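# Structure at a glance
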Amino acid sequence: MKKLFAAILALGLIVAVSGTASAVDVKFGGSYYVVGVYDDNPSLADSDASYSRAYMFQRIRLQPVFKIAEGLTFTARMDAMEGNWNVDRSKFKSGGGNTGFDWERGYVTFNSGIGKFDVGYQAAGAWGIDWADSGTTRPRVKLTTKVGPMILVAIYEKHVENNALALVDADMDAYYLAAIYPFKGGSAGLLYGYIDKADNRPTPAAFRTTKQILYPYMKATFGSVFVEAELNYIFGKKAEFDSGAADIDYEGWGAFLRATTKAGPAEVGVQLGWSKGDDAGTNDKDETGPGKGADWNPALILMNDDLATWSGGDVNTAGNANISTGLQIINVFANYKVTPKFSAGAALTYAKADKVAANWDKDYGLEFDVTAAYKLYDNLTYMVGAGYLWTGDYYKKGVAAAKVDDDYILMNKLTLSF
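About the criteria used
Residues numbered from 1 in each chain as written. Predicted model: local features only at pLDDT ≥ 70, side-chain atom pairs only at ≥ 80, totals over all residues. Heavy atoms only, no water. pLDDT = per-residue confidence, 0-100. Contact = heavy atoms within 4.5 Å. Helix = DSSP H or I, 4+ residues; strand = E, 2+ residues; numbered from the N terminus. Buried < 20%, exposed > 50% of the residue type's maximum accessible area, 1.4 Å probe, protein only. Salt bridge = Lys/Arg side-chain N within 4 Å of Asp/Glu carboxyl O. Phe/Tyr/Trp six-rings, centres within 6.5 Å; stacked < 30°, edge-to-face > 60°. Core = buried A, V, L, I, M, F, W, Y, C linked by side-chain atoms within 4.5 Å.

## Examining the confidence of the model for the protein
Considering every residue of the protein, the mean pLDDT works out to 87; 86% of them sit at 70 or more. Under a pLDDT of 50 for its full length, residues 1-21 has, in the predicted model, 17 contacts with residues more than four places off or in other chains. Note on residues 91-98: pLDDT is under 50 here. Beyond four places in sequence and across chains, it has 24 contacts.

## Observations concerning unusual backbone geometry
Even without a glycine there, the phi angle at Met81 is positive, about 50°. Of note, the phi angle at Ala132 is positive, near 65°, even though the residue is not glycine. Tracing the sequence through the fold places Ala132 in the loop between strand S5 (115-124) and strand S6 (136-147). Classification of Ala132 by relative accessible area gives buried; the value is 17%.

## Things to note about the pattern of salt bridges
Pairing is possible between side chains of opposite charge, provided their charged atoms come close. For the coordinates displayed, the defined rule picks out 17 salt bridges. Between Arg140 and Glu157 there is a salt bridge, with the nearest N and O atoms lying 2.6 Å from each other. Placement of Arg140 in strand S6 and of Glu157 in strand S7 (residues 150-160) is noted, with a sequence separation of 17 residues between them. For the pair Arg140 and Glu157, one class covers both residues: buried. For Lys158, the salt bridge identified is with Asp171, shortest N-O distance 3.9 Å. Pair noted here: Lys158 is in strand S7 and Asp171 is in the loop between S7 and strand S8 (172-183), with a separation of 13 residues, a long-range link. Looking at Lys158, the relative accessible area reads 17%, which means it is buried.

## Structural notes on the packing of aromatic side chains
Summed over all chains, the structure comprises 20 aromatic pairs. For the pair Tyr38 and Tyr408, a centre-to-centre distance of 6.0 Å together with 50° between the ring planes defines the contact as tilted. Pair noted here: Tyr38 is in strand S1 (residues 25-39) and Tyr408 is in strand S19 (residues 407-417), with a separation of 370 residues, a long-range link. Judged by its relative accessible area of 27%, Tyr38 falls in the partly exposed class. Measuring from ring centre to ring centre gives 5.2 Å for Trp127 and Tyr217, while their planes differ by 85°; the resulting arrangement is edge-to-face. With Trp127 in the loop between S5 and S6 and Tyr217 in strand S10 (residues 207-222), this residue pair connects regions lying 90 residues apart in the sequence. The class of Trp127 is buried, set by a relative accessible area of 13%.

## Structural notes on the nonpolar core
Soluble globular proteins: nonpolar side chains tend toward being buried together. Core analysis: the largest hydrophobic core is formed by 31 residues, its most contacted members being Leu302 and Tyr364. A total of three residues in this core trace back to one element, the largest contributor, which is S1. Of all hydrophobic cores here, the second largest spans 15 residues; its members include Val153, Ile180, Tyr215 and Ile234.

## A closer look at the side chain of Thr210
Within the secondary structure layout, Thr210 lies in strand S10. The exposure class assigned to Thr210 is buried, which follows from its relative accessible area of 10%. Thr210 has contacts with Tyr194, Ile195, Asp196, Phe235, Gly236, Lys237 and Glu240, leaving out every residue within four places of it along the chain.

Here is the structure:
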């Protein structure tokens, strides 16, 4: 808590001094949420090992933007008291107890003759649509410019720096080039990435990874239907061994499609996701797709990253979408705006693995969710939800005699934005 108070005091002094010295304009944005969860059978076991779990978690986020001059700003972001209520947050997420303070972002934005630069710790890990995205913060240099209607982006990103170990060429860096073409009713884009990972070279089995990605996406309106789609292709070298051993290649695929349509206050839609699993018979090639990512959470139990983060892991109902088994998923949903302040929704989700070992079932399960949200104020929303998972035999883990049982979840969430 002392760190939090010190950081807030320092920020206040910065605002006060800059306001008198150079008339800096400061805009504060942020959010706060608190979530309560009851999970009936997170073990998914039909045995004495089954148990229930009830817990709450929260996060405070502050994001000030300092306008220094026309075309020149500095943006910061701080997260505080993020974690479960009254437990040691280190059990669930690195960084200490839930009174911790994380000054996560700080970067300068300025316009130049060749485009806009963002330099510093800033948003990373997201592209196109939310499928396969895991939004995070990384140090990077980003240039955004326009050529006619086309938006062009170039990024250098630092993942690991091993200078402290006096190692030569044992870092991890990423380079991205992207083009986005906006048009009436949508946009289309293509991302190319080159990730050079050599930070494991101090180990005896030293090798280098040079991973490349091509991610095209499209968003477009066709009559009353809005469609979003993304294709993921991963290639390159998973391992080039310094010892001269045979290389291991990358060749992973993924794809996503979302279609929605509205009729008055009602909205219906469908989401289809596929991330290829690794073929165990090809030892010279890793065919694992990108996974569904942490940002796309179609259901309250299946593939919900919040459960994996704040409950300590829910028998891989989130994490299984990111390992070598891969994922095939369909989600059908409907939302209805009852009044300007009150809305309700329902969703049906079915998921299975793309590749599994012999005698291992692919079925993750079928889940039905209902949610309702009410705007207490324009910036304050209260949501309640309930989900029921008919557990699939994937969770028998290849043991035919094993027994699994269904799970249900009850949750409520209060969200403030400002």
